[in-house]
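# A look at the structure
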Amino acid sequence: MPYILAWTGIFLMVGLAGTGSAIGTVMGGNASVGALKKRDDIFPYCLILSALPGTQGLYGFGAFFILQTHITPAITLLQASAILGAGLIMGVVGLISAIQQAKIVSNGIEALGNGNEVFTNTLILGVLPELYAIIAFASCFLIGGLIPALGTVA
């Protein structure tokens with residue numbers, strides 16, 4: 001049972017963070033298509049802004065490599081619970097932050113299409129939700145470092 005619990009955490013982490021990134025990049029891409037109808041010279045800016053929400057999926061994938069090394073058939077319930085918790089942290093934060101980030105960059109892309117020079121401001125504001133995905137990724141790294149010690153707890 002602990003083995004399955006740990007893998008469930010991994011699956012949720014990668015699946016939710018990846019889903020958030022997929023939704024987010026589509027939102028940015030949709031805004032880009034609309035803006036490019038008005039100004040085709042802004043494509044490089046649209047590309048950069050549309051790609052921002054894709055990083056949360058990468059964080060979830062990176063955390064997979066950190067945590068999966070601890071999953072063995074001998075994993076304890078406490079270790080498996082830590083992996084499940086880390087997976088939920090990264091998955092849920094990745095999902096929500098990517099979608100919210102996409103809302104910011106989509107508005108900026110729309111403004112670029114309307115002739116407003118807001119790329120730098122949009123980029124700065126768009127990175128703010130990224131901080132929470134980075135914190136979630138760092139949490140996975142820290143939890144991963146504690147997992148061996150959890151196997152020795154009586």
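First, a word on scope: everything that follows refers to the structure included in this document. (Residues numbered from 1 in each chain as written. Predicted model: local features only at pLDDT ≥ 70, side-chain atom pairs only at ≥ 80, totals over all residues. Heavy atoms only, no water.)

## Quick notes on the overall build of the protein
Condition: Only DSSP runs of H or I covering at least 4 residues are called helices, and only runs of E covering at least 2 are called strands; the numbering of each starts at the N terminus. Each residue gets one of three labels from its accessible area relative to the maximum for its type: buried under 20%, exposed over 50%, partly exposed in between, using a 1.4 Å probe on protein chains only. Residues are treated as being in contact if the distance between any of their heavy atoms lies within 4.5 Å. Here the open area of atoms and residues is found with the Shrake-Rupley method and a 1.4 Å probe, where only the protein chains shown may cover a residue. Counted charges follow a simple rule, with Lys and Arg positive, Asp and Glu negative, and His plus the chain ends left uncounted. Taken as the charge centre is NZ of Lys, CZ of Arg, CG of Asp or CD of Glu, depending on the residue.
If you tally the helices and strands in the protein, you get five helices and zero strands. In the protein, the order of α-helices and β-strands from amino to carboxyl end is α-α-α-α-α. Expressed as a percentage of its 154 residues, the buried residues of the protein come to 40%. Within the protein, contacts between residues separated by at least 24 positions form 88% of all contacts whose residues are at least 6 apart in sequence. In the structure as shown, the protein presents an accessible area of about 7,700 Å², 75% of it carried by carbon and sulfur atoms. One way to put it: in the protein the 4 positive side-chain charges average out to a point 8 Å from where the 5 negative ones average out.

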